[in-house]
2 protein chains.
Amino acid sequence: MTDSGKAPIDFWFDFSSPYGYLMSEKIDAVAAKYGRKVKWHPVLLGVIFQATGSRPPVDGTSSKSHYMLRDFHRSARFMGVPYNPPSRFPLPTQNAARAYYWLHGQDCAQARQFAHATYRAFFVDDRDISSPDTVLDIAAGLGVDRAALAAGLQDPAIKARLKDECETAVSIGVFGSPHVIIDGEAFFGADRLPQIEQWLESGGF
Amino acid sequence: MTDSGKAPIDFWFDFSSPYGYLMSEKIDAVAAKYGRKVKWHPVLLGVIFQATGSRPPVDGTSSKSHYMLRDFHRSARFMGVPYNPPSRFPLPTQNAARAYYWLHGQDCAQARQFAHATYRAFFVDDRDISSPDTVLDIAAGLGVDRAALAAGLQDPAIKARLKDECETAVSIGVFGSPHVIIDGEAFFGADRLPQIEQWLESGGF
């Protein structure tokens with residue numbers, strides 16, 4: 001199907017978000033079915049929770065936390081996405097997000113590959129994606145110049161870009177991960193994928 | 001389809017919960033498809049939130065609150081359920097819940113009819129279901145003896161029953177509305193209906 005000429009769909013997520021990972025495995029194909037492209041925006045949930053006064057849903061002790069850890073895995077099976085519960089969770093993701101934006105400035109297709117590889121490193125292979133070394137290893141595995149990316153992670157412009165993306169997310173009402181926004185209509189959660197597909201098919205409902 | 005001989009599915013909800021209402025319109029039919037019955041448990045989200053240290057998701061001001069008010073309506077359209085946003089929301093529901101338990105002691109089919117009528121009174125006809133008079137009117141419309149129910153709403157045994165149900169809910173991990181529990185497996189949210197159906201069909205996945 002050809003590009004519809006419509007604005008891209010926006011996909012807001014944190015690299016430590018299991019439901020963000022589930023959405024990342026589906027959203028491009030669903031969008032493509034309706035001739036739409038997707039613009040990916042990694043952000044930091046910690047910054048968003050602080051700005052919106054929310055608490056992280058998974059604190060390790062509450063009934064909700066216990067439920068969600070189970071639901072992550074069950075939802076992955078339901079959606080047919082490989083998932084192994086990470087041994088360290090959640091993790092800080094500023095290095096992964098900065099790497100994404102640096103790569104996006106060089107080669108946006110490679111940035112997309114890096115995003116998929118990073119999510120799978122965390123949610124399939126239990127790698128510590130908070131570590132700059134892991135982030136550099138993942139990128140190097142895709143043919144990225146490791147030293148150039150290492151410098152990019154320290155670039156004030158890249159740090160500012162991530163900060164800007166987080167501020168934009170908060171300003172447009174993003175309060176968790178994933179948010180998918182289609183022509184101004186927001187869908188929160190991997191479980192909204194059927195509504196997203198219906199919305200794209202019908203232009204609203 | 002005949003009864004499978006399996007334990008009933010438990011459906012925990014608050015009469016002021018839009019997603020509980022959406023689930024109430026679907027769960028019996030889905031369960032019946034797989035030979036299962038459903039046991040309904042109205043509870044009070046305020047009590048559950050206090051016990052679990054949660055905050056109500058809809059506070060009228062946050063981005064999440066704004067999103068949810070929109071998502072209630074969109075999810076209703078998506079699921080094909082009539083929905084008009086109530087002008088007073090949320091409402092206290094102890095009278096509706098006590099009426100349910102009193103009716104259930106008399107005639108469980110009538111209690112189920114009352115539950116449907118109460119949810120629709122709130123989410124379709126914008127009636128104030130927190131009011132004892134409205135609750136009595138709804139029940140009287142189904143042929144219930146109004147004076148007997150009015151006395152039932154004040155019965156200490158009925159008040160204790162609702163308190164017990166709320167305590168049981170908290171003790172088994174219910175943290176919001178709706179929760180559907182199938183053979184010990186918990187599903188939170190109206191959006192888990194496709195997973196519920198798959199679970200019933202496959203006996204787990």
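Residues numbered from 1 in each chain as written. Chains lettered and ligands numbered in written order. Predicted model: local features only at pLDDT ≥ 70, side-chain atom pairs only at ≥ 80, totals over all residues. Heavy atoms only, no water.

Visitor: Looking at this structure, I do not really get the interface of chain A and chain B. What am I missing?
Guide: Interface extent is often summarised as the accessible area lost during association of the parts. Contacts between the two partners involve 26 residues from chain A, matched on the other side by 26 residues from chain B. Carbon and sulfur atoms supply 50% of the area that chain A and chain B bury against each other, a total of about 2500 Å² over both sides. Linking chain A to chain B there are eight salt bridges. For the salt bridge of B:Arg192 with A:Asp191, the shortest nitrogen-to-oxygen distance reads 2.9 Å. Listed by contribution, the elements that provide at least two residues to the side of chain A that touches chain B are helix H4 (63–79), strand E4 (185–188) and helix H10 (193–202) of chain A. When residues in the side of chain A that touches chain B are grouped by element, the largest group, nine residues, is from H4(A). Here the residues of the side of chain A that touches chain B sort into 10 nonpolar, seven polar and nine charged. (Contact = heavy atoms within 4.5 Å. Buried area = accessible area lost by both parts, 1.4 Å probe. Salt bridge = Lys/Arg side-chain N within 4 Å of Asp/Glu carboxyl O. Helix = DSSP H or I, 4+ residues; strand = E, 2+ residues; numbered from the N terminus. Nonpolar A, V, L, I, M, F, W, Y, C, P; charged D, E, K, R; others polar.)

Visitor: Hey, could you run me through helix H9 (residues 156–171) of chain B in this one?
Guide: Residue pairs spaced three or four apart in an α-helix point in one direction, given the helix's 3.6 residues per turn. Residues and elements named next belong to chain B. Compared with an ideal rise of 1.5 Å per residue, which puts 16 residues at 22 Å, H9 spans 22 Å between its outermost C-alpha atoms and is within 8% of the ideal. Of the positions making up H9, those classed as buried are Ile158, Leu162, Glu165, Cys166 and Ala169. Taken around the axis of H9, the buried residues stretch over an arc of 95°, which confines them to a single face. Residues Pro156, Lys163 and Ser171 are exposed on H9 and point more than 90 degrees away from its buried face. Against the buried residues of H9 lie strand E1 (9–13), strand E2 (38–42), helix H3 (45–52), helix H5 (94–106) and helix H8 (146–153). (Expected span 1.5 Å × (residues − 1). Buried < 20%, exposed > 50% of the residue type's maximum accessible area, 1.4 Å probe, protein only. Arc of directions from axis to C-beta.)

Visitor: Teacher, can you tell me more about the sheet that holds strand E4 (residues 185–188) of chain B here?
Guide: Whether parallel or antiparallel, the strands of a sheet pair through hydrogen bonds between backbone atoms. Residues and elements named next belong to chain B. Read across the open sheet, the four strands follow the order E2-E1-E3-E4; overall the sheet is mixed. The open sheet is flanked by E2 and E4, the only strands paired with a single partner. Going across the sheet, the axis of each strand differs from the next one's by a mean of 20°, ignoring polarity. (Pairing = 2+ DSSP bridges. Axes fitted to C-alpha atoms, helices over the stretch in contact; angles between N-to-C directions.)

Visitor: Help me out: how do you make sense of the environment of A:Ala150 in this one?
Guide: Counting through the fold element by element, A:Ala150 comes out in helix H8 (residues 146–153). Taking the C-alpha atoms as reference, A:Ala150 lies 30 Å from A:Ile9; in sequence the two are 141 residues apart.

Visitor: Would you mind going over the packing of aromatic side chains with me for this structure?
Guide: The geometry of two aromatic rings is summed up by the distance between their centres and the angle between their planes. Residue and element names in this part refer to chain B. All chains considered together, the criterion is met by 44 aromatic pairs over all chains. With a centroid separation of 5.1 Å and an interplanar angle of 85°, the aromatic rings of Phe13 and Phe15 are classed as edge-to-face. Residues Phe13 and Phe15 agree in their burial class; the two are buried. (Phe/Tyr/Trp six-rings, centres within 6.5 Å; stacked < 30°, edge-to-face > 60°.)

Visitor: Looking at this structure, how should I read the sheet that holds strand E2 (residues 38–42) of chain A?
Guide: Residues and elements named next belong to chain A. A sheet is described by the order of its strands in space; here four strands give the open sequence E2-E1-E3-E4, paired in mixed fashion. Looking at strand neighbours, the two that pair on one side only are E2 and E4, the edges of this open sheet. Going across the sheet, the axis of each strand differs from the next one's by a mean of 20°, ignoring polarity. For strand E1 (residues 9–13) and E2, the ladder comprises five bridges, and the chain directions are parallel. In the strand pairing of E2, Phe11 is matched with Trp40.

Visitor: Sorry if this is basic, but what is going on with the side chain of B:Arg192 here?
Guide: In this structure, B:Arg192 sits in the loop between E4 and helix H10 (193–202). Residue classification places B:Arg192 among the buried residues on the basis of a relative accessible area of 5%. Side chain to side chain, B:Arg192 and A:Asp71 meet in a polar contact 2.7 Å long. Apart from residues lying up to four places away in sequence, B:Arg192 is in contact with A:Tyr19, A:Tyr67, A:Asp71, A:Arg74, A:Ser75, A:Asp191 and B:Phe187. (Polar contact = N/O pair within 3.5 Å; in protein donor to acceptor, adjacent residues only side chain to side chain.)

Visitor: Would you mind going over the packing of helix H5 (residues 94–106) of chain A against helix H6 (residues 108–123) of chain A with me for this structure?
Guide: Two measures define how a pair of helices packs: the angle their axes make with one another and the distance between the axes. Residue and element names in this part refer to chain A. It is the contact of H5 with H6, at a shortest axis distance of 6 Å, that shows an interaxial angle of 155°. In terms of axis orientation, H5 runs roughly antiparallel to H6. Two packed elements cross with a definite hand, and for H5 against H6 that hand is right-handed. In this structure, H5 uses Ala96, Ala99, Tyr100, Leu103, His104 and Gln106 to contact H6, whose residues at the interface are Cys108, Gln110, Ala111, Arg112, Phe114, Ala115 and Thr118. Residue composition of the contact of H5 with H6, grouped by class: eight nonpolar, four polar and one charged. (Parallel < 35°, antiparallel > 145°, perpendicular 65-115°, else oblique. Left-handed = near helix turned anticlockwise from the far one by under 90°.)

Visitor: In this structure, what is going on with the relation of the copies chain A and chain B? I would like to understand it.
Guide: The operation relating the two chain copies consists of a rotation about an axis and a shift along that axis. Rotating chain A by 180° and translating it 0.0 Å along the rotation axis places it on chain B, where the RMSD comes to 0.0 Å. Here the symmetry operator amounts to a two-fold rotation axis. It is A:Asp191 whose C-alpha, among those of chain A, lies nearest the rotation axis, at 3.3 Å. A high fraction, 100%, of the interface residues of chain A reappear at the interface in chain B, so the copies pair face to face through one surface. (Least-squares fit on C-alpha atoms with pLDDT ≥ 70 in both.)

Visitor: Just checking my understanding: could you explain the pairing of strand E3 (residues 179–182) of chain B for this structure?
Guide: For a regular strand, the rule is simple: side chains alternate between the two faces of the sheet. Residue and element names in this part refer to chain B. Of the two faces of E3, the one carrying His179 and Ile181 and the one carrying Val180 and Ile182 are both buried. Relative to E3, E1 runs antiparallel, the two being bridged by three bridges. Paired with Trp12 across the two strands is His179, which belongs to E3. Alignment of E3 against E4, held across four bridges, turns out to be antiparallel.

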